[in-house]
Amino acid sequence: MASSLTKDSVSPGTPGSEKTFFGHPRGLATLFMTEMWERFSYYGMRALLPLYLVAPGGLGLSAGTATAIYSVYLSLVYLLTMPGGWFGDRVWGPRKTVAVAGGIIMLGHLTLALPSSGTFYAGLGLVAIGSGLLKANISTMVGQLYQGPDDPRRDGGFTVFYMGINLGAFAAPLVIGTIGESVNWHLGFALAAVGMGLGVAQFLLGSRHLDPRSSVVPKPLSAQERASTLRKSALWAGIAVVAYTVLGVTGTYTLNWVLVPLTLLGVIVPVMVIARIKRDKDLDRTEQSKMSAYIWFFVAAAIFWMIYDQGGSTLSIFADSSAENSVFGWEFPVSWYQSVNPVLIMALAPVFAWIWLALNRRGKEPSTIVKFASGLVLVGVSFFLFLAPLSIAEGGHKAAALWLVAIYFVQTVGELLLSPVGLSVTTKMAPAKYASQMMGVWFLAVTAGDATTGLLSIAGVDLNKTGVVAMEATLAVLAGVAVWMYRKKVKALMGDVR
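Per chain, residue numbering runs from 1 following the sequence as it is written. Local features in this predicted model are restricted to residues of pLDDT 70 or higher, and side-chain atom pairs are both shown and tallied only at a pLDDT of 80 or more, whereas totals for entire chains, interfaces and linings draw on every residue. Derived side-chain values reflect all non-hydrogen atoms in the structure, with water molecules and hydrogen atoms excluded from consideration.

(A) Here's a closer look at the overall build of the chain. Looking only at helices and strands, the chain has 17 helices and 7 strands in total. Overall, the C-alpha framework of the chain stretches about 70 × 55 × 55 Å when taken along its three principal axes. Nonlocal contacts in the chain, meaning residues at least 24 apart in sequence, comprise 80% of its contacts between residues at least 6 apart. Here the chain displays about 22,300 Å² of accessible surface, and carbon together with sulfur accounts for 67% of that area. Counted as positive: Lys and Arg. Counted as negative: Asp and Glu. His and the chain ends are not counted at all. We put the charge of a Lys on NZ, of an Arg on CZ, of an Asp on CG and of a Glu on CD. In the chain, 36 positive and 26 negative side-chain charges are present, and the distance between their average locations comes to 8 Å. Secondary structure is summarised from DSSP: a helix means a run of H or I of at least four residues, a strand means a run of E of at least two, and numbering begins at the N terminus for each. Working rule for contacts: check all heavy atoms of both residues, and any pair within 4.5 Å makes them a contact. What sets the accessible areas is the Shrake-Rupley method with a 1.4 Å probe; for residues, cover comes only from the shown protein chains.

(B) Broad picture of the confidence of the model for the chain. Every residue is assigned a pLDDT by the predictor, reflecting its confidence on a scale from 0 to 100. Here the chain averages 88 in pLDDT, and 95% of its residues register 70 or above. Note on residues 1–17: pLDDT under 50 across the span, and 17 contacts to partners over four residues away in sequence or across chains.

(C) Local environment of the packing of aromatic side chains. For Phe, Tyr and Trp, rings pair up if their centres lie within 6.5 Å, where Trp contributes its six-membered ring, and each pair is then called stacked (planes under 30 degrees apart), edge-to-face (over 60) or tilted (otherwise). The full count for this structure, using the stated rule, is 27 aromatic pairs. On the basis of an interplanar angle of 80° and a centroid distance of 5.4 Å, the ring pair of W37 and F40 is categorised as edge-to-face. One end of the pair is W37 and the other is F40, both in helix 1 (residues 27–54) and 3 residues apart, which spans about a single turn. Residue class for F40 comes out buried when judged on its relative accessible area of 10%. An aromatic cluster is present here, built from Y52, F120, Y121, W185 and F189 joined pairwise through their rings. Working rule: Lys NZ or Arg CZ, within 6 Å of ring centre, within 35 degrees of ring normal, means a charge sits over the ring. Sitting above the plane of the W356 ring, K371 keeps its charged end 4.3 Å from the centroid. Against the face of W484 rests R487, its NZ or CZ located 4.0 Å from the ring centre. The rule is simple: take the accessible area with a 1.4 Å probe, protein chains only, and divide by the maximum for that residue type; under 20% is buried, over 50% is exposed, in between is partly exposed.

(D) The side chain of S207, seen in detail. Secondary-structure assignment places S207 in the loop between helix 7 (185–206) and helix 8 (223–250). Once residues lying within four places of it in the same chain are set aside, the contact partners of S207 are T30 and R95.

(E) Highlighting the environment of S71. On the secondary structure map, S71 appears in helix 2 (residues 63–79). On the basis of relative accessibility, which here comes to 3%, the residue S71 falls in the buried class. Sequence separation of S71 and D309 is 238 residues, and the distance between their C-alpha atoms is 8.1 Å. Ignoring sequence-local partners within four residues, the contact set of S71 consists of D450, T453 and G454.

(F) How the structure looks around unusual backbone geometry. Residue F328 is not a glycine yet carries a positive backbone phi of 50°. Along the chain, F328 falls in the loop between strand 5 (326–327) and strand 6 (330–331).

(G) Seen up close, the nonpolar core. Nonpolar cores are built from buried Ala, Val, Leu, Ile, Met, Phe, Trp, Tyr and Cys residues. Side-chain atoms within 4.5 Å join them into one set. Membership of the largest hydrophobic core comes to 103 residues, with the highest contact counts inside it found for Y73, Y294, Y337 and L404. With 13 residues, the top contributor of residues to this core is helix 10 (residues 285–308). Ignoring any residue separated from it by four or fewer positions in sequence, one finds Y73 in contact with Y42, M45, L49, L124, V127 and A128. Counting residues in each nonpolar core, the second largest holds 25 residues, with I138, V160, I165 and V200 among its members.

(H) Geometry of the pattern of salt bridges. Every case where a carboxyl oxygen of Asp or Glu lies within 4 Å of a side-chain nitrogen of Lys or Arg is listed as a salt bridge. A full pass over the atoms with the stated rule returns 6 salt bridges. R39 is the salt-bridge partner of E38, the closest N and O atoms lying 2.7 Å from each other. The residues E38 and R39 share a single accessibility class, namely buried. The salt bridge partner of K433 is D280, with a shortest N-O separation of 2.8 Å.

(I) Geometry of helix 3 (residues 81–90). All of the buried residues along helix 3 are T81, G84, G85, G88 and R90. Looking at the buried side of helix 3, the elements it contacts are helix 2, helix 4 (94–112), helix 5 (117–144), helix 8 and helix 15 (438–458).

(J) Focus on the packing of helix 13 (residues 368–394) against helix 14 (residues 401–429). Only the stretch in contact is used when fitting a helix axis, every axis being a line fitted to C-alpha atoms; angles between N-to-C directions are given from 0 to 180 degrees. Following both chains from N to C, one finds helix 13 and helix 14 inclined at 160°, their axes separated by 8 Å at the closest point. Considered as vectors, helix 13 and helix 14 are oriented roughly antiparallel to each other. Two packed elements cross with a definite hand, and for helix 13 against helix 14 that hand is left-handed. Split by residue class, the contact of helix 13 with helix 14 holds 20 nonpolar, 7 polar and 1 charged. Each angle receives one of four descriptions, namely roughly parallel if under 35 degrees, roughly antiparallel if over 145, roughly perpendicular if within 65 to 115, and oblique otherwise. Left-handed describes a crossing whose near helix is turned anticlockwise from the far helix by less than a right angle; the clockwise case is right-handed. Classes in brief: Ala, Val, Leu, Ile, Met, Phe, Trp, Tyr, Cys and Pro nonpolar; Asp, Glu, Lys and Arg charged; the others, Gly included, polar.

Here is the structure:
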């Protein structure tokens, strides 16, 4: 990466003479590499997870239980971004929080590498906690590299940063997935730990290039708040320890005693957070109206992610058992399907950016609402497309790999319509009082969607059945049509946001 650093040809000490990273502050290279290695470890482990859970040489669980565990894990990662952001704001500051988070993630992957089912679940928990701590704070540090929201380099900096995400996500299944599936599952998880270790090492070495604000705790806890937080945390931890000890001693403990409470949290917490903000009497009429409009986007996003994230569970498990995972006679590991989305994102994102600019110049760019509705319809179409390989498999044949690639392609186009727009509309419609919290609220839509998938799996719903897939596809399309039909009402609620 050092070769990509440039130095302006002016005398030392002159403004602009410092080293840059593609024309951006040098600290962006540090954060780019940290995020790339963190995503490498995260997506590599994620690609292996459902396959390991169902494999005879793994945990040998049913597809339903594997999907439930996978969905609960994803739900937790995004649920924990809110307390992760809180830690950065109130306790450690972004820089220390990210360093600690990287260590927790690495420890989690090492725990996953141990050949024991008990330590495996502990490892998943550690990775989820570390990812939640890191996710919100590293984005904050990217923003701190620039001189406020009006810095013309700011949007480009985030674009470069997100390329790091997709580079890590693309490479991970090809490396970690191949080793995990072909050599040894636990060696694959250990490779994820190595990736995170490299990320932590270069973050510590390159942190001197970060903005000094990244070490500052913006709103430190008072002594009274700290004591109250510790007391409440100890109380809830004590209750959990006592409850699960009793379950273990009485012999009534099953995995569902963990999965069910966590999935319910994933559904209840987002509803409670949205309701609390909506009921806040400090919000003026305009902010209340925007929050009413935002609920439409939030529910739509939850439905979208419920289907989209099954690309790593339902589709992956189907590919493992019922697809012909080969191209021109050359077989490839099932985990490689998880590289399709990031490579498509890198290829298509510039195309979409160009299309929106071209349409905007002509005054024909679709509105936020239309983009959202289109994303929802497309994710529904992807599952209607899924009915074809399901039917082929039910006929006793192996479905061609291109069917799955086509599904991932349609989902990626839907993601490019909905996800960037969702991030943008979240920042634009956030009430002033909750400006720093609303990005965490957006991530709660992912939590709600994945938790819903988890609840369905725990309830015994077979997500690889044609009837269930058709029902989910229909729900997404109808939701997209509903958003489009009520677009004038939602637009009126949005006020000056477009």
